[in-house]
Structure formats: structure tokens, C-alpha cells
Amino acid sequence: MATELKEFRTSNDAIDDAEELRSRIREDGYLFFRRLHDPEMLRALRLEILAVLRDQGWIRRDAELIDGVADVSRRCAEGDIEYAEGYHHAYRLESFHRSGHWPSVVNVIEKIVGGAVLPHPMKIARLWFPKFIQDTTPVHQDFVHFQGSYDTYTCWSPVGDCPIALGGLAVLPGSHKRNTVLDHHFSLGAGSLTVDTDEQEGDWVTTDYEMGDALIFHSLTLHQALPNVTEDRLRVSLDNRYQAFGIPIAEQMLTPHLSTHSPLTWEQIYQGWESTDLQYYWKKLDLEIVPQDTSYSEKGFAEALVLAGEGDERAALHLRRAIQRDPDSDQAKAADKVLQGLAESRS
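I will try to describe carefully the structure that is included in this document. All of these numbers come straight from a predicted model, not from anything done at the bench.

Definitions and cut-offs
- Residues numbered from 1 in each chain as written.
- Predicted model: local features only at pLDDT ≥ 70, side-chain atom pairs only at ≥ 80, totals over all residues.
- Heavy atoms only, no water.
- Axes fitted to C-alpha atoms, helices over the stretch in contact; angles between N-to-C directions.
- Helix = DSSP H or I, 4+ residues; strand = E, 2+ residues; numbered from the N terminus.
- Parallel < 35°, antiparallel > 145°, perpendicular 65-115°, else oblique.
- Contact = heavy atoms within 4.5 Å.
- Nonpolar A, V, L, I, M, F, W, Y, C, P; charged D, E, K, R; others polar.
- Buried < 20%, exposed > 50% of the residue type's maximum accessible area, 1.4 Å probe, protein only.
- Arc of directions from axis to C-beta.
- Expected span 1.5 Å × (residues − 1).
- Disulfide = S-S within 2.5 Å.

For the pair helix 1 (residues 18–28) and helix 5 (residues 103–113), the least separation of the axes is 8 Å and the interaxial angle reads 80°. With respect to each other, helix 1 and helix 5 are oriented roughly perpendicular. On helix 5, the residues touching Ala18, Leu21, Arg22 and Ile25 of helix 1 are Val108, Lys111 and Ile112. Residue composition of the contact of helix 1 with helix 5, by class: 5 nonpolar, no polar and 2 charged.

So this is what it looks like as C-alpha cells:
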């Protein structure tokens, strides 16, 4: 990535012009809006999420809740089982799932796709601890994880102000124009896959995000998180997917996020909700559901096995996390074999 990050092109001026929005996202692969969401609604959501995380020990009780001051001794990342277990407590919040249906974003996606929009049932939040640089989300395309159709869009929104030091998202404009999935390889970070940035040309863009800002981008647009280099602040963001009705959706997007890392069912999520309108809403729709393509993740894991066997500590950490999450899985057994062999070679 270029050492100097440039600023997003802001599209608030075109928010009511569907043709112009489509033109810009076709050209740049993204749309960025200042205060697309109501900051007060995000502030309320932030307080709810942080209160739950404080109860889990992730947020310090001797600081203002709204500041999101993390207990750095509890640092963990998406590959860790303790991350999924803590995250899933916040994941049960009705307000969190409802935020994925806010008209502020759905209306923009409707203009992009030219019709009715399906918010994916798998809502996602990202909770990033400070100075956990090795687990920063690497450069990738979303399609390898969420699949279904290329014409799927992500909306990333910080739940709180997010200056560059806190680790917001950066994108590579125009990188979607190849109209293909690039070759991904093993990496730490959310999704555990990355592309070779040496082959990518152009200037990366980002901003000092403020509460209410939103970044919408195509499933093939290259993007990455910037590292959270603050001393003690947890970065909280929404990271949801949307598509038009009538195109395929992959089966995994109908399940709770990280439920393969730590068990969680929709029944557990819905316990205590005040309303039912969003419960199983997708089951009332005539969807074309396609199987998940696991070849991307399988290739990445195979690469991690080789790298760990060669002494790569990041790959070895990835294997240890796989064993921790499900020690009886085929991947865990393969990981254990490699790690045992590595230990024997060092003894």
C-alpha cells in the first residue's frame, strides 16, 4: 500500500441522483458519505454494545463508557474462541440487527441496484483491540468470504468517531474493474486471506471517519483495515452486506456471524427481543440459495500448514486457533500434526 493515503471522494452531493451514484460506483468501486446515518442513533447503539462488552470484561469500568477504553489484557481477535464468545453477547442485541435495516443505507443501495434490496441476515460487527497489529484485516475482496453474486455490496460504518489511528477502512479505487476474484493467500486477520499488494497499482483512499459516516463498496473492490495504533481504544464498526432481490445468496450468509467459531443459533439471538418483524425475515422470501464455496478458505489453510511447518509463527498461531475452536475437526487434526512435527524438530 502507498505510504501516503489520499482522501475519499464524498458522494453526499449525489445522494438523490441514482444514475450518478451508479456511475461513481462503477468507476471507483465505492461510495463514501458523510453522516449518512443519524449520529444519535449510532451513539445509542454504541452505548448498548459497549455496555455488553464491559460486562464481558473487554471495556474498563474506570473510564467513561462512551470512550470505549479497552482492557488490553483481554485482547483477542476473530480467530480466537474467546473473541467469538464475547462478541456473541453483543450480537444478541436487537438494536444491532435492526441497524442493518436502517433506511439510510437501504435507500442508497436501492438506488445502486435499481430495485428492492435484501439485507443479508448475517449482520456483522468488528470489535478491534488496540495495538493488535498482526491481526489487522489484510487487503482482500469480500466476495471470497460472502460469495453468492459479484453484485453484493458492503456498508462499513464506524460506531463512533474513527480517526485513522483507530484503524478505519481504506479502499483501492477502481480495483473491482477486473471483474474477477483475485488470487488470495493465507494471512492473519479477519477472513484469514489476502492478495499480493505488489501487483496492485493506484492510490489507496481513506479518511478520519466521524460518527454517522458510511462507506459502501462492491464485493470485488480491494480494501483493508488500517491498524488500530491507539493506546487503549476499542474500534467498533458495522460491516454489513446487501444485494438486490433475484440474485443468488450463499448459504453461509443466512447464519449468525462466527457461529462456526462458537455455537450460536437464531433462537438464542432472538430471546428477549421486543419485536418479531426481523426474526427469520428471509425465510418469508423466495431466495436463490447457493452452496458455500470453501475452496478459498481451504487453500488458505493448506498454505498455513506449509508455512507453519517451515517455522512461520503467524501460521502456527492460526493453526493453534483452529485446534482451540474445534479440536475434533479434520483441520485441527492436520494442524496438530504439523505443530507436533515442528515441536519435535526444535527439541
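Time to look at helix 1. Residues spaced three or four apart along an α-helix face the same direction, because each turn holds 3.6 residues. Those residues of helix 1 that fall on the buried side of the exposure criterion are Leu21, Arg24, Ile25 and Asp28. Take helix 1 and look down its axis: the buried residues cluster within an arc of 95°, on one side only. Residues of helix 1 that are exposed and angled more than 90 degrees away from the buried face: Glu19 and Arg26. Residues of helix 1 that are buried in the fold lie against strand 2 (30–33), helix 5, strand 5 (152–158) and strand 10 (214–218). Positive backbone phi, at 85°, marks glycine 29, one or two positions downstream of helix 1.

Moving on, we come to helix 8 (residues 295–309). For helix 8, with 15 residues, the first-to-last C-alpha span of 21 Å sits near the 21 Å given by 1.5 Å per residue. Buried within helix 8 we find Gly300, Phe301, Ala304, Leu305 and Ala308. The arc that holds every buried residue of helix 8, seen down its axis, measures 145°, which confines them to one face. Looking at the packing, one finds that the buried side of helix 8 touches strand 7 (185–186), strand 8 (193–194), helix 9 (313–325) and helix 10 (330–346). Glycine 311 lies just past helix 8 and shows a positive phi near 100°.

One pass over the structure, following the stated rule, counts 0 disulfides. There is no disulfide at cysteine 155, and the cysteine sulfur nearest it, in cysteine 162, is 14 Å away. Of the residues examined, cysteine 155 reaches a relative accessible area of 4% and is grouped as buried. A relative accessible area of 1% places cysteine 162 in the buried class.

Functional significance is not addressed by these values, which are geometric in nature.
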